[in-house]
Amino acid sequence: MSLLRLHLLGSPVLRQRSAEVGNVDDDARRLVVDMFETMDAAKGIGLAANQVGIARRIAVVDADGDRFALIDPVIVEAEGSDTAEEGCLSIPEIYGDVTRPDRIVIEAMDQEGNRYRKEASGLKARAIQHEIDHLDGILFLDHLSLIKRQMLLAKYRREHKDDTGHTKEVQAATARSE
Ligand code: ZN
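Heads up: these notes are all about the structure in this document. Computed from a prediction, not measured in an experiment: that's the story for all the values here. Residue numbers run consecutively from 1 along every chain, following the written order of its sequence. Two thresholds apply to this predicted model, a pLDDT of at least 70 for residue-level local features and 80 or more for giving and counting side-chain atom pairs, whereas whole-chain, interface and lining totals are computed over all residues. Side-chain measures were taken over the full set of non-hydrogen atoms in the model, leaving aside hydrogen atoms and water.

## Regarding the coordination of the zinc ion
Piece 1. Each metal site is built from N, O and S donor atoms within 2.8 Å (3.2 Å for Na, K and Ca), and since water is not included, such sites may look incomplete. Every protein donor of the zinc ion is listed here as Cys88 (SG), His130 (NE2) and His134 (NE2), and their distances to the metal cover 2.0 to 2.2 Å.
Piece 2. Sequence spacing of the donors to the zinc ion: C-x41-H-x3-H. Placement of the pair is histidine 130 and histidine 134 together in helix α2 (residues 122-135), with a separation of four residues, close to one helical turn. Histidine 134 matches histidine 130 in its accessibility class, with the two residues each being buried. Segments assigned H or I by DSSP are reported as helices when at least four residues long, segments assigned E as strands when at least two residues long, and all are numbered from the N terminus. Each residue is placed in one exposure class: buried if its accessible area under a 1.4 Å probe, protein chains only, is under 20% of its type's maximum, exposed if it is over 50%, and partly exposed if it falls in between.

Spelled out as structure tokens, the structure:
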């Protein structure tokens, strides 16, 4: 297992539409393991593969006590509407209110390549939609009004003006006990 470098706003891979996985091979399985580890270390509730520089349709989510991989996920039903604050590991310290459907049904594959169907609402539904957006090159900022987005982008640029490059290392959380 290894921690992967996070790609931050400005990294072109975040704007790419990721490629279908199709066959879940060892590379995909290894990536899922590393993504879970990276998400945990970064204290996120979701992580998409392009956030670690790999443009494949793979994401991991850990929300409301449910932990799962999403490979080639598709939203097959969506209803209702809910507005809540979102942030993103690729856009540190920036938050904004995003309106999304509040109940969804998805179909995806797990890391064994098994197809499954999952119903989600609340935080879990939000996290899944945020990650699927990533796979399509969409960031939560894109859901905000132009004015709000420009304000947050200006704030981000101010706070990150000394950054070199568009990736950052994820520090391991406290040492794990065996
Ligand atoms: Zn994100």
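## Some remarks on the packing of aromatic side chains
Ring pairs (aromatic) are described by centroid distance and by the angle formed between their planes.
Piece 1. Geometry of aromatic contacts follows a simple scheme: Phe, Tyr and Trp rings, the Trp one being its six-membered ring, pair when their centres are within 6.5 Å, and the pair is stacked under 30 degrees between planes, edge-to-face over 60, tilted otherwise. Applying the stated rule across the entire model yields zero aromatic pairs.
Piece 2. Geometrically, a lysine NZ or arginine CZ counts as sitting over a ring once it is within 6 Å of the ring centre and also within 35 degrees of the ring normal. Directly above the ring of phenylalanine 68 sits lysine 118, whose terminal nitrogen or CZ lies 4.2 Å from the centroid.

## What to know about the nonpolar core
Piece 1. Residues belong to one nonpolar core when they are buried, are Ala, Val, Leu, Ile, Met, Phe, Trp, Tyr or Cys, and are joined through side-chain atoms within 4.5 Å. One finds Leu31, Val32, Met35, Leu47, Ile58, Val60 and Ile71 to be the most contacted residues of the largest nonpolar core, which totals 21 residues.
Piece 2. Elements that contribute at least two residues to this core include exactly α1 (26-41), β3 (58-63) and β4 (66-79).
Piece 3. Counting residues per element, this core draws most heavily on α1, at seven residues.
Piece 4. Listed in part, the 16 residues of the second largest apolar core include Val61, Leu70, Ala108 and Ile132.

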